[in-house]
Amino acid sequence: IAIERQLREADLDSELFLLFQPQYSPSRQRVTGFEALARWQNPTLGLVAPDQFIRAAERSGHIRKVTAILFEKALENLADWPEDIGLSFNLSAHDISDHTFVLRLLGRIMQSGIAARRIEFEITETAVMTDLASSRALLEKLRASGCKIALDDFGSGYSSFEYLDQLPLDKVKIDRSFVRKVAHSTTSREIVAAVIGLCRKLDLRCVLEGVEAENEMIILADLQPDLIQGYLYGRPMSAKAAMNMIRAQS
Ligand code: G
Ligand code: G
Ligand code: NA
């Protein structure tokens, strides 16, 4: 309730900001893009994590405003980066259910002059499962405009292979709960290997999430994931730090 009240009263444009976590390509040995991760710095509440304020914003009817502000900030950052660096942006369940709103985001990309192929929308199964057919239609429109679609948290919760078949996807992000276990569980390792193999057969890129340690990477490198996202290659960082990281490799 405190969060919902602050959402109503806060100057969200100045209090919301994005951090950026690098996605590293082992084969190209470079960072090819970043995931935008929302944060809210509020004078009363302090630093609020997206797990808390996104849901509160959905309940209280502020989600469109929050997402729209974050998306503008994402586009501003993307405009500063080289053409070969992409950005993944999270859409909530509520965002996905509002097609008009999502198409307005698409319009903003077109107006910005940024190449749509540099933008990837991350969705979760909870966001699409209430109406798969209508979600598919929306995602197809996004892809027709050149944007990419990533299925987030694959392997956790209720995610099902059905989505790989039913949704127009470019990428699958393997949930970090599997990666966490690969160092001491042969079963987890086999599951990750199988999902990576499946992605390859289906012509989907795959991202291993949550790689924290060198010993995990040694085990996982054999599986040849397309991308790695985890603390080992970089924590969520400021726009400035992301820019430094980009400059350092160019
Ligand atoms: O960065 P952090 O670990 O706190 O993120 C927690 C969760 O919040 C992640 O699952 C992430 O996908 C989600 N998240 C981060 N930023 C956004 C955002 O801008 N919009 C939505 N809908 N979810 C986000
Ligand atoms: O659910 P989503 O894929 O959006 O998750 C992104 C979140 O995961 C970010 O909030 C980030 O803080 C967190 N994260 C990213 N890399 C790691 C990692 O290596 N270890 C852990 N524990 N969390 C991570
Ligand atoms: Na995400």
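What counts and how
Residues numbered from 1 in each chain as written. Chains lettered and ligands numbered in written order. Predicted model: local features only at pLDDT ≥ 70, side-chain atom pairs only at ≥ 80, totals over all residues. Helix = DSSP H or I, 4+ residues; strand = E, 2+ residues; numbered from the N terminus. Rg over C-alpha atoms; globule rule 2.2 N^0.38 Å. Buried ≥ 20, exposed ≤ 12 C-beta atoms within 10 Å, placed from the backbone. Contact = placed C-beta atoms within 7 Å. Core = buried A, V, L, I, M, F, W, Y, C linked by C-beta atoms within 7 Å. Near = placed C-beta within 6 Å. Nonpolar A, V, L, I, M, F, W, Y, C, P; charged D, E, K, R; others polar. Arc of directions from axis to C-beta. Pairing = 2+ DSSP bridges.

Undergrad: Help me understand the overall build of the chain in this model?
TA: Counting its secondary structure elements, the chain contains 13 helices and nine strands. Compactness check: the chain gives a C-alpha radius of gyration of 18 Å against a globular reference of 18 Å for 250 residues, within 12% of the reference. Across its three principal directions, the C-alpha atoms of the chain cover 50 × 40 × 40 Å. Taking all 250 residues of the chain together, the buried fraction comes to 35%. Summarising the internal contacts of the chain: among those between residues at least 6 apart in sequence, 66% fall at separations of at least 24.

Undergrad: Where do I start with the nonpolar core in this structure?
TA: Across soluble globular proteins, nonpolar side chains have a tendency to be buried as a group. Phe53, Ala74 and Ile174 are the most contacted members of the largest nonpolar core, which totals 59 residues. No other element matches helix H4 (residues 63-80), which puts six residues into this core. When sequence neighbours within four positions are dropped, the list of residues in contact with phenylalanine 53 reads Ile3, Leu7, Trp40 and Val48.

Undergrad: Quick question: what am I supposed to make of the site of ligand 1 here?
TA: The environment of ligand 1 is formed by Leu37, Ala38, Ala49, Pro50, Asp51, Ile54, Leu70, Asn90, Leu91, Ser92, Asp152 and Pro236. Of all the secondary structure elements, the ones that give two or more residues to the shell around ligand 1 are strand S2 (30-42) and helix H3 (50-60). Within the shell around ligand 1, the residues separate by chemical class into eight nonpolar, two polar and two charged.

Undergrad: Would you mind showing me how to read unusual backbone geometry here?
TA: Outside of glycine, negative phi angles account for most residues, and trans bonds account for most peptide bonds. Within the chain, glutamine 29 stands out as a residue other than glycine whose phi angle is a positive 50°. Following the sequence through the fold, glutamine 29 ends up in the loop between strand S1 (16-25) and S2. Positive phi is not limited to glycine here, since glutamine 224 has a value of about 50°. As for its placement among the helices and strands, glutamine 224 is situated in the loop between helix H12 (214-221) and strand S9 (227-229).

Undergrad: Is there a simple way to explain H3 in this structure?
TA: Every α-helix winds through 3.6 residues per turn, so residues three or four apart in the chain are directed the same way. Among the residues making up H3, those that are buried are Phe53, Ile54, Ala56 and Ala57. The buried residues of H3 occupy an angular sector of 165° when the element is viewed end-on, so they sit on one face. Exposed positions of H3 whose direction lies more than 90 degrees from the buried face are Asp51 and Gln52. Summarising the contacts, the buried residues of H3 are in contact with helix H1 (2-9), S2, strand S3 (46-48) and H4. Where H3 terminates, the next one or two residues include glycine 61, which has phi positive at roughly 80°.

Undergrad: What should I look at first to understand the site of ligand 2 in this one?
TA: The immediate surroundings of ligand 2 are formed by 15 residues, with Asp152, Gly210, Glu212, Gly230 and Tyr231 found nearest. In terms of residue class, the shell around ligand 2 is made up of four nonpolar, five polar and six charged.

Undergrad: Explanation requested: the pairing of strand S4 (residues 86-90) in the structure shown.
TA: Where a strand is regular, its side chains alternate between the two sheet faces. Of all five residues in S4, four are buried; the element is thus mostly enclosed. Pairing of S2 with S4 involves three bridges; the strand directions are parallel. The residue bridging glycine 33 from the neighbouring strand is glycine 86, located in S4. Pairing of S4 with strand S5 (residues 119-123) involves four bridges; the strand directions are parallel. Within the sheet, the bridge partner assigned to serine 88 lies in S5 and is glutamate 120.

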